[in-house]
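# What the coordinates show
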Amino acid sequence: MNITIEAGSLFTKHAKKMTLVAQLMLGDRAEAEDAVGDVFADVASGKISAVGDKTEALLMTCLKNRCLNLIKRRMLMQRAKLLATADDTVSESSPADNETDEMENILDFIDNELTPQTARILRMHYQQKLKYREIAAQLGISQTAVYKHLAQGINKLKRKFKNNGQD
């Protein structure tokens, strides 16, 4: 069977459901349609071999991974924008000593206010630059657990340091 024809029939059968799932994950219809299209482009190119009785599960897994990568990329871009904004604010309004003091306050908060597991995961991800799967493998937990610990830690840090440490 021609790979392009196979991709077309798979698209017809699965695209609607996949788009709904992607839209739930991404929160944007156009971005969801692009993610689904990318998965089927990989099928058409032969990068993904989707045949057999587990085709839908494979397609959904590929879609989930693509969506998670898009979300991660979005979060990295937001973090970069925040860091750029914070960097501009620091350079305009405060000396380098204040930046060092703030960093010490953040590290102290991580060590003393977060759970040991959340603190460990934050440090592994941001200081050691480990990926979710690497952290999960080292700690013997799921990638979802890594994500949840990171999200929880970041949210607590945001709440604590949102107004310059004032609760």
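Preceding block: the structure.
Residues numbered from 1 in each chain as written. Predicted model: local features only at pLDDT ≥ 70, side-chain atom pairs only at ≥ 80, totals over all residues. Heavy atoms only, no water.

### Some points on the overall build of the protein chain
The cut-off we apply is this: Where helices and strands are cited, they refer to DSSP runs of H or I of at least four residues and of E of at least two residues respectively, numbered from the N terminus. Throughout this description, buried means an accessible area under 20% of the type-specific maximum (1.4 Å probe, protein chains only), exposed means over 50%, and partly exposed covers the range between. Should any heavy atoms of two residues lie within 4.5 Å, those residues are counted as being in contact. Where accessible areas are quoted, they stem from the Shrake-Rupley method and a 1.4 Å probe; at the residue level, only the protein chains shown are allowed to cover.
Along its length, the protein chain carries 7 helices and 0 strands. Ordered by position from N to C terminus, the α and β elements of the protein chain give α-α-α-α-α-α-α. Out of the 167 residues belonging to the protein chain, those deemed buried represent 28%. Restricting the contact set of the protein chain to residue pairs at least 6 apart, pairs at least 24 apart contribute 56%. Accessible surface, the protein chain as shown: approximately 11300 Å² in total, 53% of it carbon and sulfur.

### A closer look at the packing of helix α6 (residues 132-139) against helix α7 (residues 143-161)
The line we're drawing: Note on definitions: angles span 0 to 180 degrees between N-to-C directions of axes, and those axes are lines fitted to C-alpha atoms, for helices only across the stretch in contact. If an angle is under 35 degrees, it is roughly parallel; if it is over 145, roughly antiparallel; if it lies from 65 to 115, roughly perpendicular; otherwise it is oblique.
Running from N to C, α6 and α7 point in directions that differ by 105°, and their axes come no closer than 8 Å. Between α6 and α7, the angle is such that the two are roughly perpendicular. Contacts between α6 and α7 involve Tyr132, Arg133, Ile135 and Ala136 on the former and, on the latter, Gln143, Val146, Tyr147 and Leu150.

### Points about the side chain of histidine 125
Assignment of secondary structure puts histidine 125 in helix α5 (residues 116-126). According to the relative accessible area criterion, histidine 125 is buried, its value standing at 11%.

### Section: the nonpolar core
One recurring pattern in soluble globular proteins: nonpolar side chains tend to sit buried together. Put simply, the rule reads: In plain words, nonpolar cores are sets of buried Ala, Val, Leu, Ile, Met, Phe, Trp, Tyr and Cys residues tied together by side-chain atoms within 4.5 Å.
If you look at the biggest cluster of nonpolar residues, it comprises 19 residues, and the most contacted ones within it are Met18, Val36, Val39, Phe40 and Leu63. For this core, the elements supplying multiple residues, two or more each, are α1 (3-26), α2 (29-45) and α3 (55-93). With sequence-adjacent residues up to four places away left out, valine 39 is seen in contact with Met18, Ile48, Leu59, Cys62, Leu63 and Arg66. Grouped together as the second largest cluster of nonpolar side chains are 15 residues, Leu114, Ala119, Leu130 and Leu157 included.

### Some words on α7
Spelled out, the test is: What a helix should span is 1.5 Å times the count of its residues minus one. In this context, the arc is that of the directions from the helix axis out to the C-beta atoms.
Taking 1.5 Å per residue, 19 residues should reach 27 Å; α7 reaches 27 Å between its end C-alpha atoms and fits that length. Of all the positions in α7, only Val146, His149, Leu150, Gly153, Leu157 and Phe161 are classed as buried. The buried residues of α7 all sit within an arc of 95° when viewed along its axis, so they share a single face. Away from its buried face by more than 90 degrees, α7 exposes Lys148 and Arg159.

### Some remarks on the pattern of salt bridges
To be explicit about the condition: What counts as a salt bridge is simple: a side-chain nitrogen of Lys or Arg found within 4 Å of a carboxyl oxygen of Asp or Glu.
Tallying each qualifying case throughout the model produces 5 salt bridges. Ionic pairing is found between aspartate 111 and arginine 123, a salt bridge with its closest N-O pair at 2.9 Å. Of this pair, aspartate 111 sits in helix α4 (residues 96-113) while arginine 123 sits in helix α5; the two residues are 12 residues apart in sequence, bridging distant segments of the chain. Since its relative accessible area comes to 23%, arginine 123 is described here as partly exposed.

### A few points about the packing of aromatic side chains
Here is the rule: A pair of Phe, Tyr and Trp rings is counted when the ring centres sit within 6.5 Å of each other, with Trp represented by its six-membered ring. The angle between the planes then sorts it: under 30 degrees is stacked, over 60 is edge-to-face, the rest tilted. Note on criteria: charge over ring means Lys NZ or Arg CZ within 6 Å of the ring centre, with the direction from the centre no more than 35 degrees off the ring normal.
The tally for this structure, following the rule as stated, stands at 2 aromatic pairs. Ring centres of phenylalanine 11 and phenylalanine 40 lie 5.2 Å apart, and the angle between their planes is 80°; this geometry places the pair in the edge-to-face category. Highlighted residues: phenylalanine 11 in helix α1 and phenylalanine 40 in helix α2, separated in sequence by 29 residues. Between tyrosine 132 and tyrosine 147, the aromatic rings sit 6.4 Å apart at their centres with planes inclined by 40°, giving tilted as the arrangement. Pair noted here: tyrosine 132 is in helix α6 and tyrosine 147 is in helix α7, with a separation of 15 residues, a long-range link. Classification of tyrosine 132 by relative accessible area gives buried; the value is 16%. For lysine 72, the ring lying beneath its charged end belongs to tyrosine 132, and the centroid distance is 5.2 Å.

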